[in-house]
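Report on the structure
Here are the chains, one letter per residue:
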Amino acid sequence: MKTGKTLPAAITIFGAKGDLTKRKLIPALYNLYTDKHLPPVFVIYCVDFLPEDETAFKLDLLAGINEFSRNGKANEKEWEGFAKNIFYLQGDFLKTETYTGLKGKLDAFGKKQKQNGSRIFYFAVAPRFIEIIAEGLYKHTICNRDGLDRIVVEKPFGTDLDTAKKLNRFLTKRFAEKQIYRIDHYLGKEAVQNIMAFRFANYVFEPLWNKKYIDHVQISVAEEVGVGKRGGYYEGSGALRDMVQNHLLQLLCIVAMDSPEFYQSELIRDAKVKVLKDIRPYTPAQVLKNVIRGQYTAGNVHGVPRLPYRKEEHVLSASNTETFVAARLFIDNDRWKGVPFFLRTGKSMPVQSSVIVVQFKDSPHKIFKDDITPNRLIISIQPELEISLLFESKVPGLKMKLKPVEMDFTYQESYTETIPEAYEALLLDVLDGNPTLFMRADQVEAAWKVVMPILDTWKKYPAKELHLYKAGTWGPTAATALLKPYAKDWFRLSAREDSIK
Ligand code: BG6
């Protein structure tokens, strides 16, 4: 049987002149093409509002590949072969003729392929257009074969639980759930996918993966970048909606989920939803105690001065939007009862570093005089891709003296394969009709349910306990205090050596 990868594919990108298309989607599709993962017959229709000369448009896409592709500059011949399949369609998402025009093109392409191909519609647009475009596709029966036609919806998926539910209802009335691919690009990252392999293909860790042996877990996604030109969007979002509701909670799910019975998309997604449902809901008083929010002030990152958040473009001068969140969450199930999961993310931090640290408990039975550092498993997602295990070892010499050391697995040393970008993996899954790494409707809603008490509390007390931190630092000190008594500080990749005490 043919898979989606070999079936002819018509890919339509709405929002073709946006940043996402240029930086991520086209470079990913180009790399899939050069690595021979795209089907032999494919076409990419790029739809956007503004009139555009097709040649100039393609040159801009080429510039995007040259600048952002993991493989560097495009090869002239490969680019020509790829680019001849790209077409720019000028169209207002609000107008009927955009959809009739697109339908005409897709039908003509389909006819040539004996209607045997899949259709992918990527919504790389502002959230206000999602329903409009979905309605256009539905009304004009452009995306109606539930085994072959798919839509890909970018985050943010709603702005709270109610809007997410409304959007889910809207989409599922028009498309089958299996046609809807809600993307969270963190799930496509190589090192994130590897956590599943690490946990469920190495039985040695499973007996230890619970409250009896694990002291706490830290999930930290630090970003060097500030909000840059995205102030308009970010003001209405903040770090909680932008990062925690999706990326960080998804990382937590992978770390905390039970083993699915098989490696099968629905079973995996069921196991993740269960984790979200088991997260303890907080009262407003508990929110104030367990969740810290911060906002960056003027500072510098790598010696380059940074504006305070409140002076960024399109940001209110008295904004209370958080650019940093740290939270202590508990999963009230048998496996995790009482084990804190510390989540942290922030912008304008000293370095980019996404790390998960599983801290094991101290040995209850001590036979050595030295202080023992408890075992620690460190999963680095980016920029390094590594897994290390910290353990005690005897320092060579005539005395029994101990010191913690690390056992390291790095992708660089173990593999010669190149690491695909998250969007490459995810786009290929869409073409192949594999939803494992995408968010199901109930998953998105369960994640919103986790953050709703926090959003509601902050709405009620807009400025209460908004901690300021200098750009280029690791966030407010209140976030460090949150770790007590479990840890003295957040684990930082850049400070790994210091942290091995
Ligand atoms: C996006 C957020 O989803 O993820 C951005 O909207 C953030 O604010 C980005 O910068 C981080 O992604 P990555 O892959 O660079 O860690």
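Residues numbered from 1 in each chain as written. Predicted model: local features only at pLDDT ≥ 70, side-chain atom pairs only at ≥ 80, totals over all residues. Heavy atoms only, no water.

**Remarks on the UniProt feature "binding site: NADP(+)" (unreviewed entry) in the protein**
Inclusion rule: UniProt positions are given in the numbering used here, feature names are shortened, and annotations may be inferred rather than shown by experiment. Here a cavity denotes grid points, spaced 1 Å and computed from the protein atoms alone, that fit a 1.4 Å probe unable to get out, and a pocket denotes an open set having protein on both sides within 12 Å along at least 5 of 7 lines; residues with an atom within 4 Å of a point are the lining. Each helix is a run of H or I in the DSSP string that is no shorter than four residues. Each strand is a run of E no shorter than two, and both are numbered from the N terminus. Note on contacts: a residue pair qualifies if any of its non-hydrogen atoms lie within 4.5 Å across the two residues.
According to UniProt, the feature "binding site: NADP(+)" (unreviewed entry) maps to Asp92, Phe93 and Lys155 in the numbering used here. In the annotated set above, the residues contributing to the lining of the largest cavity are Lys155. Tracing the chain through its elements places Phe93 in the loop between β3 (86-90) and α4 (96-112). Setting aside anything within four residues of it in sequence, one finds Phe93 in contact with Phe14, Gly15, Val47, Asp48, Thr98, Tyr99, Val125, Phe129, Ile132 and Ile133. Within the secondary structure, Lys155 sits in the loop between β5 (149-153) and α6 (161-174).

**A short note on unusual backbone geometry**
Leave glycine aside and you will find that most residues have negative phi; peptide bonds, for their part, are mostly trans. Here Lys155 and Pro156 are connected by a cis peptide whose omega angle stands at 5°. The peptide bond linking Gln382 to Pro383 adopts the cis configuration, its omega dihedral lying at 0°. On the secondary structure map, Pro383 appears in the loop between β14 (376-382) and β15 (386-394). One non-glycine residue, Lys36, lies in the positive phi region at around 65°.

**A few points about empty space enclosed by the protein**
Which entries qualify depends on this criterion: Grid points are joined across faces, edges and corners, and a volume is the space filled by probe spheres set on the points. Polarity classes work like this: nonpolar for Ala, Val, Leu, Ile, Met, Phe, Trp, Tyr, Cys and Pro, charged for Asp, Glu, Lys and Arg, and polar for all others, with Gly in that last group.
Taken as a whole, this structure holds two cavities of 30 Å³ or more when the rule is applied. Each pocket or cavity is described by its volume, and for the largest cavity that value is around 100 Å³. The residue inventory of the lining of the largest cavity, partitioned by class, reads six nonpolar, two polar and four charged. Computed from the structure, the second largest cavity encloses a volume of approximately 70 Å³. Every residue lining the second largest cavity is listed: Pro8, Ala10, Leu106, Phe109, Gly110, Gln113, Gln115, Gly117, Ser118, Arg119 and Arg145. Those elements giving two or more residues to the lining of the second largest cavity turn out to be α4 and β4 (118-123).

**Description of the pairing of strand β12 (residues 340-346)**
Rules: Each residue's exposure class comes from its accessible area (1.4 Å probe, protein chains only) as a fraction of the maximum for that residue type: buried when under 20%, exposed when over 50%, partly exposed otherwise. Only strands that DSSP links by at least two bridges are regarded as paired with each other.
Most of β12 sits inside the fold, with seven of its seven residues counted as buried. Pairing analysis gives six bridges linking strand β7 (residues 214-222) to β12, with the strands arranged parallel. Residue Gln218 lies in a different strand from β12, and its bridge partner there is Phe342. When strand β11 (residues 324-330) meets β12, the two strands line up antiparallel, connected through seven bridges.

**Some remarks on the sheet that holds β15**
Think of a sheet as strands paired side by side through backbone hydrogen bonds, with each pair either parallel or antiparallel. Let me state the cut-off plainly: Each axis is a line fitted through C-alpha atoms, and for a helix only the stretch in contact is used; angles between axes span 0 to 180 degrees, taken between their N-to-C directions.
The nine strands are arranged β16-β15-β14-β13-β7-β12-β11-β8-β17 in an open sheet whose pairing can be described as mixed. Each edge of the open sheet is held by one strand with a lone partner, namely β16 (402-410) and β17 (466-470). Each strand axis lies, on average, 20° off the axis of its neighbour in the sheet, ignoring direction.

**Some words on the sheet that holds β3**
Strand order in the open sheet formed by six strands is β3-β2-β1-β4-β5-β6, and the pairing between neighbours is parallel. Since the sheet does not close on itself, it has two edges, and those belong to β3 and β6 (180-182), each with one partner. Strand-to-strand, the axes of this sheet are offset by a mean angle of 20°, without reference to chain direction. Pairing geometry for strand β1 (residues 9-14) and strand β2 (residues 42-48), over six bridges, is parallel. Along β2, the bridge assignment pairs Ala10 with Val43. Helix-sheet contacts for helix α2 (residues 54-68) involve β2 and β3, and the interaxial angle to β3 is about 120°.

**A short note on the nonpolar core**
To keep things clear, this is the line we draw: The nonpolar core is taken to be a set of buried Ala, Val, Leu, Ile, Met, Phe, Trp, Tyr and Cys residues, with the residues joined through side-chain atoms within 4.5 Å.
Residues Phe14 and Leu137 are the most contacted members of the largest nonpolar core, which totals 152 residues. Setting aside chain neighbours within four positions, we find Phe14 in contact with Val47, Phe93, Tyr99, Leu102, Phe121, Tyr122, Phe123, Ala124, Val125, Ile133 and Leu137.

**Things to note about α2**
Three or four residues apart is the spacing at which side chains of an α-helix point the same way, because the helix has 3.6 residues per turn. Note the cut-off: Helix span, as expected, comes to 1.5 Å for every residue beyond the first. It is the directions from the helix axis to the C-beta atoms that the arc portrays.
With 15 residues, α2 extends 21 Å between its outermost C-alpha atoms, agreeing within 8% with the 21 Å of an ideal straight helix rising 1.5 Å per residue. Residues Phe57, Lys58, Leu61, Leu62, Gly64 and Ile65 constitute the buried set of α2. For α2, the arc enclosing every buried residue in end-on projection is 155°, short of the 170-degree limit, so these residues lie on one face. Exposed residues pointing more than 90 degrees away from the buried face of α2 are listed as Thr55, Leu59 and Glu67. The inward-facing, buried residues of α2 contact α1 (19-34), β2, α3 (76-83) and β3.

**Focus: the UniProt feature "domain: Glucose-6-phosphate dehydrogenase NAD-binding" (unreviewed entry) in the protein**
Mapped onto the present numbering, the UniProt feature "domain: Glucose-6-phosphate dehydrogenase NAD-binding" (unreviewed entry) falls at residues 13-194. Its end C-alpha atoms 29 Å apart, residues 13-194 is made of 47% helix and 15% strand.

**Some remarks on the pattern of salt bridges**
Rules: Criterion for a salt bridge: a side-chain nitrogen of Lys or Arg within 4 Å of a carboxyl oxygen of Asp or Glu.
Taken as a whole, this structure holds 25 salt bridges when the rule is applied. Ionic pairing is found between Arg269 and Glu266, a salt bridge with its closest N-O pair at 3.0 Å. A residue pair is termed a helical-turn pair when its members lie 3 or 4 positions apart in one helix, as Arg269 and Glu266 do in helix α10 (residues 265-278) at three residues. A salt bridge links Asp362 to Lys366; the nearest nitrogen and oxygen atoms lie 3.4 Å apart. Connected through shared salt-bridge partners, Glu266, Arg269, Asp270, Arg440 and Asp442 make up one network.

**Regarding the site of the ligand**
Threshold: Proximity is defined per residue: any heavy atom of the residue falling within 4 Å of a molecule or strand makes that residue near it. For this analysis, a polar contact is any N or O atom pair within 3.5 Å, provided that within protein one partner can donate a hydrogen and the other can accept it, and provided that sequence-adjacent residues contribute only side-chain to side-chain pairs. Surface accessibility in these figures is a Shrake-Rupley result with a 1.4 Å probe; residues are shielded only by whichever protein chains are displayed.
Every residue near the ligand is listed here: Lys155, His185, Tyr186, Lys189, Glu223, Arg230, Asp242, Met243, His247, Lys347 and Gln382. Note that an oxygen atom of the ligand is positioned 2.6 Å from one of the side-chain N or O atoms of Lys189. Here an oxygen atom of the ligand sits 2.8 Å away from a polar atom, N or O, in the side chain of Arg230. Relative to its unbound accessible area of 400 Å², the ligand is 80% covered by the protein chains. By residue number, the principal contributor to the shell around the ligand is helix α9 (residues 238-256), which donates three residues. Of the residues that constitute the shell around the ligand, the class distribution is two nonpolar, three polar and six charged.

**Comments concerning the packing of α1 against α2**
Short version of the rule: Note that the term roughly parallel is reserved for angles under 35 degrees, roughly antiparallel for angles over 145, roughly perpendicular for angles of 65 to 115, and oblique for everything else.
The geometry of α1 relative to α2 is characterised by a closest axis approach of 8 Å and an angle of 85° between their N-to-C directions. In terms of axis orientation, α1 runs roughly perpendicular to α2. Contacts from Thr21, Lys22, Arg23, Ile26, Pro27 and Tyr30 of α1 reach α2 at Asp60, Leu61, Gly64, Ile65 and Phe68. Counted by class, the contact of α1 with α2 contains six nonpolar, two polar and three charged residues.

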